[in-house]
Each structure stands twice: as structure tokens, then as C-alpha cells.
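# Observations on chain architecture
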There are 2 protein chains.
Amino acid sequence: MTHIDAHSVAGAGAGELIWPVGFRAYTGNGGLRAHGDDISIVASDRPSVSAAMFTRSRFAGPAVVLSRAHAAGGRLRAVTTLAQNANVATGRQGEENAAEVVGRVAKILGVPADAVLIGSTGVIGRPLPMDAIRAHLETTAERGTGAFEAGPLDVARAMMTTDTRPKTSTRRVGRARIVGVAKGVGMLEPNMATMLAYVFTDAELSPTALDTALRGAVDKTFNCLSVDTDTSTSDTVAALANGAAGPVDPAAFSAALAAVCLDLTQQLASDGEGASKLLRVTVAQAAHYAQAKRVAKSVVNSPLVKTAVHGADPNWGRVVMAIGKNTEDTDIEPAKVTVRFGETEVYPEEPAAGTLEKLAETMRRDEVDIMIGLGIGDATATVYGCDLTEGYIRVNADYTT
Amino acid sequence: MTHIDAHSVAGAGAGELIWPVGFRAYTGNGGLRAHGDDISIVASDRPSVSAAMFTRSRFAGPAVVLSRAHAAGGRLRAVTTLAQNANVATGRQGEENAAEVVGRVAKILGVPADAVLIGSTGVIGRPLPMDAIRAHLETTAERGTGAFEAGPLDVARAMMTTDTRPKTSTRRVGRARIVGVAKGVGMLEPNMATMLAYVFTDAELSPTALDTALRGAVDKTFNCLSVDTDTSTSDTVAALANGAAGPVDPAAFSAALAAVCLDLTQQLASDGEGASKLLRVTVAQAAHYAQAKRVAKSVVNSPLVKTAVHGADPNWGRVVMAIGKNTEDTDIEPAKVTVRFGETEVYPEEPAAGTLEKLAETMRRDEVDIMIGLGIGDATATVYGCDLTEGYIRVNADYTT
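Note that the coordinates shown come from a computational prediction; the quantities given were computed from them, not determined experimentally.

## Looking at the nonpolar core
- A:I323, A:I370 and B:I323 are the most contacted members of the largest nonpolar core, which has 164 residues in total.
- Discounting chain neighbours no more than four positions away, the residues touching A:I370 are A:L279, A:R280, A:V281, A:T282, A:V299, A:V305, A:V319, A:V339, A:R340 and A:F341.

Here's what the structure looks like:
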């Protein structure tokens, strides 16, 4: 797996946020919400190869089912997204509606329907407002791709639901460019992929190379993200490469792709519903990667750790509790464990006088790092989450109404 | 497993809340907190048999380690509890402190140290205030067991931390009586036992019969409880039977014991930190019990379901999301699943006009029932939790400070 700089800054050394050569995009309001764009389309003007990963939810929606079939060929050319309605648990009508949207988008672009991936995000169990969507796409068809003038930030914005910020990231690799857009704030513990993240590049890659690079990156980025332990029915991550910039060094591409995915992951975590801070938990000295990730997840997901981080309460005992609840990890011995908050060790050395105040100060920062050593082996994993606040409750106690 | 009435009411048909014959109790303030009793002792004046179960946390505290050894013989005669400090992650000094408290309590009672179980609950990682505790127990020793005049409600109150209500339950079985006391509000997803629940009875039972009855009851009550998915380092459940009332029908005893445990479980759930409602999730038609419980737990623990219940928001789609995230249950098919809130079916039939308002009304009650059918087999499980509110955040963002 490519090394990822865990502290890369959004957009650092990345250059201007514009589409890679040969991609263009459209956004508009299709009547899914009262204000703001809610439909987006990003398309390559030439054939491209693709890789994609989807939610493993048993209640995956029609958009995921249809897109999974289309993605299988590795030849996606366009991605369209409906925001505000997930079109999940909507029965046969929901399947027909997803197919109709894909068919209309394909016609606008002049590509086969199975070259289009559709993402749908928002409330579950409500029918799509098809009359409004149909009328909007008919108008778009009349205007043609000449109306495709949206930038990456416009697309990221049109994908938002309760997101407070659009999430984008870009990197250069050789002569090529990688651009990623993502959305997601709650129902966010992805399992194989996250709630709508798309990466576009003009690098020239084989479908296999793109797939390998994407899986490697997702495993250590989106799949290490958890806002609230709830896995969406609509998670989708896709990468499209149209080759317009020619070939690139595969290792450099993998590293740049991983950096874009990590950047988006940290943006998603710190904009988790109600979140005021990014929480990064690293578990080292584990027997193997799966154990490191499991223990790190149980800390980053602990409501008691998350609320303590929110209140900058130096109640570090909750971290050892969250380590201890991994009862299947019988090789974890309290005597071998170490816990640090940033630079401050809190266990096993009983914190010296003044340490708790120093700890509280560390916890008041926008980004809180918890470092755990298990003293067993040499595997390491880092996971990304956020604090748990009154804002999460407010956002979610009346989301549909 | 004994049948449990899922809707039993606290204390219904239970008679007066007094200790079974031969048990007496003491409570006092040992300096663990500023106000209110924080030390309690419940003891049998004659030999008794016992059964006990403890947390499976890898960071189990000295109280659990010591009590597990003492409980192994099945001959516990007394239970002592320290509230406000869990005495966990406190090193060798913590072990010595727990042993000293047990030794002093045993001396007061004139029983061997290994007949005493100790429970300790509260903040993790802080040393016990041993000077104050020692002084208090010396005074208690001078007064002797003549000072043992506390009732079950006093003991339940002296065990509380952020609990807002003491939890007790009692049942008659033949000529015998069963009395249970419990505490626990957060860090509450027990794994084998819950945060301090004790059951006392004057029924005459063999250690094996008591152990079997307790394990059967705990499996379907305390182990079906989750307030916040966090497993305590101090979970302990113990049952003491001193035989003073003579033999009882074993099946009747198991049923009564299970009813007491269920009663305490529902009291614990509805007093979860910040909780305003009891949330009960039943999964039926599962392939086996483990599947039914796993799916029910994933619904009762979903922050999005819990916040929707809090806001009485009829966003039922979150329930299908929470079912779907059990990705290992590949036999779950959306087409076979049914979901009801109380009497109101919401899936697969698209709710008729007015249904959502009726659903919101159901969700405004103090107890919310979600019933799920998987359409696979005939196993059923019910789990107990609560809503997620701003109160949980407030209580936990500054618990130690």
C-alpha cells in the first residue's frame, strides 16, 4: 500500500481546481429541493476507463444496483447525481425512476446508458419527484452539452445534503491531473466505499491499474472513516480516467490518488453532522492491520470518547474503556498498552500534576490526535472521525420534517 | 429459556420492596462524593450460594478481577459497592485498594474476605480516596452490623452515578422473595453482564440451579441492553440465595428471576444518559437467535434511529438502513422484510396518506416499539435501548470536570 501523509492539507501543492482535460460538467435545480442545484452530471468527451466500489448494505438502493451493473465493464464515461432523495426502499417504481434518469442523461451526452453511473443521496423511502426531474432534463437536453459549464466546486455543492461545506481535492501527477469531489455527513461509516465520492483524471491507465489504485486508496481512507457508525444504503466511490494527458508513473499515480482520497476523507470527517473537530485515532504495535483498524474504530466510534473530545474534557479513561471493549482481542494486555493525546502520554504513567490541564488544551484544538500502542506487533492503522455534539442531535431529530 | 413478558411493569404483582429473609444492608458517605451515600454493603446473616457474571472488557478493573476470583466458589455472602470512582487503570495501587476495602468489609461482617464481592463504578483512571474510605469503614466497624438498616431503595440510590433514578425490582416465588438492585446509565452495552446489578433471594437453590437461572435470564435481559454501545470496564451481575425461605419450584424461580432482570433492564434503558424514552426493538422471523439479536442491536444502536425517535420524526427509512448495514447477513432480502412502529406498518407497503402523522404520534410516547420481520426463519429477539438526546452530550462532554 502506498504511503499516505496523514497530515496532508487540502489542496496542498495541488494547483488550480479545474477539471482534467476532456471532462466537463453540468449542475441545475431539478425540483428535488426548494433552493440550490440538486442535479449534477460530470462527463468525459472521449472514452474512459473506470473503477468503482459500492455500499455492502443489504438495502442498497436502485441507484447502487443499476450503477454496479454499469460499472462492471470498467467503461463508465459519466456520473450523474441526485441530491436530497436517496431513492431507497421505493420498490419497483424506484428502479424504473433510476433507469429513466440514467437513460435521459445518456441521451443528452450521446453515450450508451450503461456508460452512466447514477448516485442518489438523501431521505430513504420517498418517491422521486419525477415530473419535475423529467421536465428539467428535457430542458437540459434542448440546451445540449454546450450548457456544461460547471466547475468541480459547483458539482460538489450540488451533491450536498446536510453537508455544510463542499468537499473537493486535486493533485498533479506528471502531466495529468486528478480531481475528486465528495459528499457525506451522517449515516457515514462506509463499508467498501463512502457516500458519493468521485475521482476524475486525464491520466492514461488500464482498467486494472485504475481498479488496483482505487481499492488500495479506499481501504486506507474512505473505509477508515466513521462519523456515526451508520452505513449508508447509497455509498458509491468511482474513478474515471480518460487518458487525455497520456501515461503516468503507476506508483506516482497511486500515491496521488491516495492523497486525494485522504484529503476528501478528512474533509468528510471534519464536516460530520454537528462536528466541531476532526478526530484522528492511530493504533500502532498491533498484531495485524485488521486488529489495528478494529481497535482504532472502536475508539473513534465511542460516543463517550467523542463527547469528551467535544467538551475538551481530559477524561482519558474512556479511551482505555474503548480499547478494552474489543473482547475478541484476547492478546490485548493492559500492562503493554500506551495511550497519548497528541504529545501527552496519559497511560500507563499516571498523568503528572498539570498534565490534565495540558491535555484539555490539546483537546480544544480543531484536530485531535489519539495515539495508541498495543505492544503486540508492528501493524498500524489510522481512522478518521469527529466529535459528537448537540448539533448532531439537532440535525437528526428532525431531518425529514 | 424461560418466557419473559416483554411488557412487565416495574414491581407489578411484586409486593413490598423489602429484603428477603436473612439479608440486611448498610449505606453511608465514604468521601467519594460531596453529597449522598456512596458506599453500600448488602449481606446475608447466614451462608448463601451465589452466581455471578462480569464484563469481558480487556481493561477490567481490580474490583472485577478480585470479585471474579471470589465468585468462583459460588459462596458469596455479601456485596459492597463504591460509587463515583471505577478504580480502573489505576495500577498495582488500585489492586491493593480494592483488596483493602474487601478486607475491611469482611471484618465488619465477620466473614472470610473471599465471601465478599466488590463493585466499583464511576470515573476511570483516578486513585480511590483511601484516607476517607478507611476512616469511614473504621467508624462503621465500631458500630457493627446493628447499623445495617438500609432498604433496597437506599442501596440502589447509593450505587448511582449519573443515574437519575434508583433501579429496583422484586417478585415473590412460593414463600421466597427476589430483590434486585441495579445502576447504569452510560458506557452501557453490557457484554456478559451489566454495570452493577445484584439480585438477592431467600429461596433455597443449588449453586448450579442459581447459575443456570442467572445465565438464562442475563442472556435475554441485561445482555440485550444498549444505551451507547460502550462496554464498561466494571460490569458485574451477581445473585445471592441464602435459602431462608426453603425450596422453590425451579421453573417458577427462573421465571421470577428473569422478570426481575427484565424489569431492571428496562429501567436501565429508560434512564440511559439523557434519555427521554425507552426504545424496544424486536426482530422476528430470523434464521437463529444470534441473527435476530444482531439485527435488533444494530437498529437500537443506530444514532440515526435514536435521534429520529427522540424527535418523533417519522423517518422510518433509517430502520431499513440499520437492518441493511448487517452486511454479513447475506440472507436478508429487502423483498421479505417488514417493519412496524407499534401497530403501524411502514415497509414494504408505502405508508398511506396520514400514516406518517400517525407514526409521529406513536413515536411521541414514552415507550417506542419497533417490530421487524426478516421472513427467513422463526427466531425472535428483543433488545432495549433509549433515544439519543442533547442531554447525552451535555452529561458526557464534561463528566469528570
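Once you've had a look at it, read on.
## Description of the interface of chain B and chain A
- If you look at the interface, chain B gives 59 residues, while chain A gives 59 residues.
- For the pair chain B and chain A, the summed buried surface comes to about 4,700 Å²; carbon and sulfur atoms form 62% of the total.
- Of all residues in chain B, B:R58, B:F59 and B:I393 bury the most surface against chain A, accounting for 17% of the area lost on that side.
- Its salt-bridge partner being A:E333, residue B:R58 comes within 3.9 Å of it at the nearest N-O pair.
- Counting every contact that joins chain B to chain A gives 10 residue pairs in polar contact (both at pLDDT 80 or more).
- Elements supplying a minimum of two residues to the side of chain B that touches chain A: helix 8 (303-310), helix 9 (317-324) and helix 11 (390-397) of chain B.
- Considering only residue class, the side of chain B that touches chain A consists of 24 nonpolar, 20 polar and 15 charged.

## Structural notes on the sheet that holds strand 11 (residues 338-341) of chain A
Residue and element names in this part refer to chain A.
- Pairing within the open sheet is mixed, and its five strands lie in the order 12-11-13-10-14. Two strands close off the open sheet at either side, each with one partner strand: strand 12 (344-347) and strand 14 (379-386). In this sheet, adjacent strand axes meet at a mean angle of 20° when their direction is disregarded.
- Pairing geometry for strand 10 (residues 278-286) and strand 13 (residues 367-373), over seven bridges, is parallel. Its bridge partner lying in strand 13, A284 is registered against G373.
- Against the sheet, helix 7 (residues 289-300) touches strand 10, strand 13 and strand 14, its axis set at about 25° to strand 14.
- Strand contacts of helix 10 (residues 355-363): strand 11, strand 12 and strand 13, with the helix running at about 115° to strand 12, the strand carrying the most contacts.

## Description of the relation of the copies chain B and chain A
- Rotating chain B by 180° about the axis while translating it 0.0 Å along that axis superimposes it on chain A, leaving an RMSD of 0.0 Å. Such a combination of turn and shift is consistent with a two-fold rotation axis. For chain B, the smallest separation between a C-alpha atom and the rotation axis is recorded for B:E390, amounting to 2.5 Å.
- Mapped onto chain A, 100% of the interface residues of chain B are again interface residues, and the two copies thus contact each other with one and the same surface.

## Description of the domain arrangement of chain A
Residue and element names in this part refer to chain A.
- Along its sequence, chain A is organised into domain 1 (4-270) and domain 2 (278-397).
- Just the C-alpha atoms count here: the centres of domain 1 and domain 2 sit 32 Å apart.
- The interface is formed by 19 residues belonging to domain 1 together with 16 residues belonging to domain 2.
- Carbon and sulfur atoms supply 52% of the area buried between domain 1 and domain 2, which totals about 1,400 Å² over both sides.
- Among the residues of domain 1 in contact with domain 2, C224, S226 and Q266 are the three that bury the most area, contributing 30% of the side total.
- If you look at where domain 1 meets domain 2, you find one salt bridge.
- Between K293 and D219 there is a salt bridge, and its shortest N-O distance comes to 3.7 Å.

## What about the packing of helix 7 of chain A against helix 9 (residues 317-324) of chain A?
All names here are of chain A.
- Where helix 7 meets helix 9, the closest approach of the two axes is 8 Å, and the angle between their N-to-C directions is 135°. The angle between helix 7 and helix 9 falls in the class oblique. Crossing angle aside, the handedness with which helix 7 passes helix 9 is right-handed. For the pair formed by helix 7 and helix 9, the contact residues are V295, S298 and V299 on the first element and V319, A322 and I323 on the second.
- Its residues assigned to classes, the contact of helix 7 with helix 9 comprises five nonpolar, one polar and no charged.

## Overview of helix 1 (residues 62-71) of chain A
- For helix 1 of chain A, every residue scored as buried is listed here: A:P62, A:A63, A:V64, A:S67, A:H70 and A:A71.
- Its buried side turned inward, helix 1 of chain A meets strand 3 (49-54), helix 2 (91-109), strand 5 (116-123) and strand 9 (236-241) of chain A.

## A short note on the environment of A:E149
- Within the fold, A:E149 resides in the loop between helix 3 (130-143) and helix 4 (152-158).
- Between the C-alpha atom of A:E149 and that of A:R24, which follows or precedes it by 125 residues, the distance is 6.8 Å.

## Digging into the sheet that holds strand 13 (residues 367-373) of chain B
Residue and element names in this part refer to chain B.
- Overall, mixed pairing links the five strands, which are arranged 12-11-13-10-14 in an open sheet. Strands with a single pairing partner mark the edges of an open sheet, and in this sheet they are strand 12 (344-347) and strand 14 (379-386). Mean inter-strand twist for the sheet, computed between neighbouring axes without regard to direction, equals 20°.
- Two elements, strand 11 (residues 338-341) and strand 12, share three bridges in a ladder whose sense is antiparallel. Paired with F341 across the strands is T344, a residue of strand 12.
- Packing of helix 7 (residues 289-300) onto the sheet brings it into contact with strand 10 (278-286), strand 13 and strand 14, and relative to strand 14 it is tilted by some 25°.
- Along the sheet, helix 10 (residues 355-363) contacts strand 11, strand 12 and strand 13; its crossing angle with strand 12, the most-contacted strand, is approximately 115°.

## Observations regarding the pattern of salt bridges
- Under the counting rule described, the total for this entry stands at 36 salt bridges over all chains.
- As a salt-bridge pair, B:R134 and B:E100 come within 2.6 Å of each other at their nearest N and O atoms. Here B:E100 lies in helix 2 (residues 91-109) and B:R134 lies in helix 3 (residues 130-143), a separation of 34 residues in the sequence.
- Exposure remark for B:E100: the relative accessible area of 24% places this residue in the partly exposed category.
- A salt bridge links B:D271 to B:K167; the shortest N-O distance between them is 2.6 Å. One end of the pair, B:D271, is in the loop between helix 6 (250-270) and strand 10; the other, B:K167, is in strand 6 (residues 167-173), with 104 residues separating them in the sequence.
- A residue is classified by how much of its surface remains accessible, and B:D271, at 4% relative accessible area, is buried.
- The buried category is assigned to B:K167, whose relative accessible area is 1%.
- Each of A:E100, A:R104, A:D131, A:R134 and A:E138 takes part in one network of salt bridges that share partners.

Thresholds applied
Residues numbered from 1 in each chain as written. Chains lettered and ligands numbered in written order. Predicted model: local features only at pLDDT ≥ 70, side-chain atom pairs only at ≥ 80, totals over all residues. Heavy atoms only, no water. Core = buried A, V, L, I, M, F, W, Y, C linked by side-chain atoms within 4.5 Å. Buried < 20%, exposed > 50% of the residue type's maximum accessible area, 1.4 Å probe, protein only. Contact = heavy atoms within 4.5 Å. Buried area = accessible area lost by both parts, 1.4 Å probe. Salt bridge = Lys/Arg side-chain N within 4 Å of Asp/Glu carboxyl O. Polar contact = N/O pair within 3.5 Å; in protein donor to acceptor, adjacent residues only side chain to side chain. Helix = DSSP H or I, 4+ residues; strand = E, 2+ residues; numbered from the N terminus. Nonpolar A, V, L, I, M, F, W, Y, C, P; charged D, E, K, R; others polar. Pairing = 2+ DSSP bridges. Axes fitted to C-alpha atoms, helices over the stretch in contact; angles between N-to-C directions. Least-squares fit on C-alpha atoms with pLDDT ≥ 70 in both. Domains from an automatic or database assignment. Parallel < 35°, antiparallel > 145°, perpendicular 65-115°, else oblique. Left-handed = near helix turned anticlockwise from the far one by under 90°.

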